[in-house]
Amino acid sequence: MAAAKIIDGRAVAQQVLAEVEDGVSRLRQAGVVPRLATVLVGEDPASRAYVGNKRRTCEQVGIESVHHQLPASTTTEVLLELVRELNEDRAVHGILVQLPLPGRMDTQAVIEAIDPAKDVDGFHPVNLGRLVAGLETFASCTPAGIVELIHRSGFETRGRHVVIVGRSNIVGKPLMNLLVQKSPAGDATVTLCHSATREVAEHTRRADILVAAVGRPGLIRAEMVRPGAVVIDVGINRVEDPDAPRGYRLVGDVDFEAVRERAGAITPVPGGVGPMTVAMLMVNTLKAARRAAGL
Ligand code: NAD
């Protein structure tokens, strides 16, 4: 069998960003400057890199970003106060609090404090609930990016069996709910596997589209994949590599070299789902600004 088609998440993300840029420029002509507030607590290098990347992408598409850097010692109460101020600030359309927060902080309280109308990450229970009900919402960026990537790469979900491995609130659960909606972007039959699933491979082998979102390098081996399947690798894992400039390299949850010999199409890490996540954050921020302007 020929090696899998590589799904180029960077290229697809650039298409989405070009559309956002166009939307932003029309909104600016109407006198509205879309603005995203980013908040980072502490100095975790991966989180700093993610926020930096999001802010650079804002600049690329014409969205203003305002960054709030807080020390690692920040209390939940102080962060909640900042969130309340940003909720009140009419010039701010989207609020992004970079997760994970330091372990002692109450992450759920922070998520629930964000005005659902500014919740561009789509983590607020109101937005998650609306997503489950198939209502207009801010879909969380990674699941929305995965659905967009599948469709823009020419693959259908209608009537297909999608197997998702990983049930987190930010990837697996919202993705399952997007894919089962009665809509051209959904209409899939979904199996959700997790840490208590017995014989994960028996499920993954029946997938037309397999999504891995666990955070464990090499979890998905070639024999777990149906020949010709579309494989979406969400995992981002740092593995030590003395030859790499930073001493580590990024890999996904899929044994890429082996699985590409068997799959029909596969996303690389990096350069697959990651760029789509950031692109969808821009889509959501533009949407929030449009809505705030009553457009
Ligand atoms: P999480 O730790 O919150 O959830 C992991 C899930 O995997 C859990 O639901 C657990 O039940 C399941 N799991 C654990 N071991 C398993 C096993 N052996 N078999 C089946 N399921 C198992 O993780 P998360 O926040 O959803 O992130 C998952 C991965 O995706 C991480 O590597 C993360 O860095 C990455 N991620 C990438 C993006 C992106 O933009 N590309 C966005 C979010 C997360």
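Note that the coordinates shown come from a computational prediction; the quantities given were computed from them, not determined experimentally. (Residues numbered from 1 in each chain as written. Predicted model: local features only at pLDDT ≥ 70, side-chain atom pairs only at ≥ 80, totals over all residues. Heavy atoms only, no water.)

Draft legend 1. Structural context of the overall build of the protein chain. On a plain count of helices and strands, the protein chain comes out with 10 helices and 11 strands. Here the protein chain has a C-alpha radius of gyration of 19 Å; the compact-globule value for 295 residues is 19 Å, and the two agree. For the C-alpha atoms alone, the extent of the protein chain along its principal axes is close to 55 × 45 × 35 Å. Out of the 295 residues belonging to the protein chain, those deemed buried represent 48%. Within the protein chain, contacts between residues at least 6 apart in sequence are counted, and of these 70% link residues at least 24 apart. Here the protein chain displays about 13,900 Å² of accessible surface, and carbon together with sulfur accounts for 51% of that area. For the protein chain, the separation between the mean place of its 34 positive charges and that of its 34 negative charges on side chains is 4 Å. (Helix = DSSP H or I, 4+ residues; strand = E, 2+ residues; numbered from the N terminus. Rg over C-alpha atoms; globule rule 2.2 N^0.38 Å. Buried < 20%, exposed > 50% of the residue type's maximum accessible area, 1.4 Å probe, protein only. Contact = heavy atoms within 4.5 Å. Areas by Shrake-Rupley, 256 points an atom, 1.4 Å probe, with all protein chains shown as cover. Lys, Arg positive; Asp, Glu negative; His and termini not counted. Charge placed at Lys NZ, Arg CZ, Asp CG, Glu CD.)

Draft legend 2. Focus on the layout of surface pockets. As a volume, the largest pocket reaches approximately 1,600 Å³. Lining the largest pocket are 50 residues, with Y50, V234, I236, G274 and T277 positioned closest to its centre. When residues in the lining of the largest pocket are grouped by element, the largest group, 10 residues, is from helix α2 (residues 45–61). When its residues are assigned to classes, the lining of the largest pocket shows 27 nonpolar, 15 polar and eight charged. Here the second largest pocket is characterised by a volume of approximately 510 Å³. In this structure, the second largest pocket is lined by 23 residues; those nearest its centre are A139, A144, V147, L178 and A185. (1 Å grid on protein atoms, 1.4 Å probe; cavity = no way out; pocket = protein on both sides within 12 Å on 5 of 7 lines; lining within 4 Å. Points joined across faces, edges and corners; volume = space filled by probe spheres on them. Nonpolar A, V, L, I, M, F, W, Y, C, P; charged D, E, K, R; others polar.)

Draft legend 3. How the structure looks around the packing of helix α6 (residues 141–152) against helix α7 (residues 172–179). It is at 8 Å that the axes of α6 and α7 come closest, and there the two elements cross at 45°. In terms of orientation, α6 lies oblique with respect to α7. Of the two possible hands of crossing, α6 and α7 adopt the one that is right-handed. On α7, the residues touching P143, A144, I146 and V147 of α6 are P174, L175, L178 and L179. Split by residue class, the contact of α6 with α7 holds eight nonpolar, no polar and no charged. (Axes fitted to C-alpha atoms, helices over the stretch in contact; angles between N-to-C directions. Parallel < 35°, antiparallel > 145°, perpendicular 65-115°, else oblique. Left-handed = near helix turned anticlockwise from the far one by under 90°.)

Draft legend 4. Structural view of the pattern of salt bridges. Scanning all chains against the criterion turns up 14 salt bridges. Ionic pairing is found between E136 and K287, a salt bridge with its closest N-O pair at 3.1 Å. Taken as a pair, E136 in the loop between α5 (125–133) and α6 and K287 in helix α10 (residues 273–292) lie far apart in primary sequence, 151 residues in all. Ionic pairing is found between R249 and D241, a salt bridge with its closest N-O pair at 3.2 Å. We classify D241 as buried; its relative accessible area is 16%. (Salt bridge = Lys/Arg side-chain N within 4 Å of Asp/Glu carboxyl O.)

Draft legend 5. Main features of the site of the ligand. Taken together, 21 residues form the shell around the ligand, and within it R167, S168, V234, I236 and T277 come nearest. A distance of 2.5 Å separates an oxygen atom of the ligand from a polar side-chain atom of S168. Between an oxygen atom of the ligand and a main-chain N or O atom of S195, the distance comes to 3.1 Å. Protein coverage of the free-state accessible area of the ligand, which is 860 Å², stands at 73%. When residues of the shell around the ligand are assigned to their parent elements, the largest contribution, three residues, is made by α10. (Near = heavy atom within 4 Å. Polar contact = N/O pair within 3.5 Å; in protein donor to acceptor, adjacent residues only side chain to side chain.)

Draft legend 6. Structural view of the nonpolar core. Judged by nonpolar contacts, the single largest core of 49 residues is most densely connected at I146, V211, I232 and M282. When contributions to this core are tallied by element, the ones reaching two or more residues are α1 (9–29), α2, α6, β5 (161–165), α7, β7 (209–212), β8 (230–233) and α10. Ranked by residue count, the leading element in this core is α10, at 10 residues. In this structure M282 touches L17, V20, K54, T57, C58, V61 and I63, once residues within four positions along its chain are discounted. With 17 residues, the next largest nonpolar core counts A4, L210, A212 and V225 among its residues. (Core = buried A, V, L, I, M, F, W, Y, C linked by side-chain atoms within 4.5 Å.)

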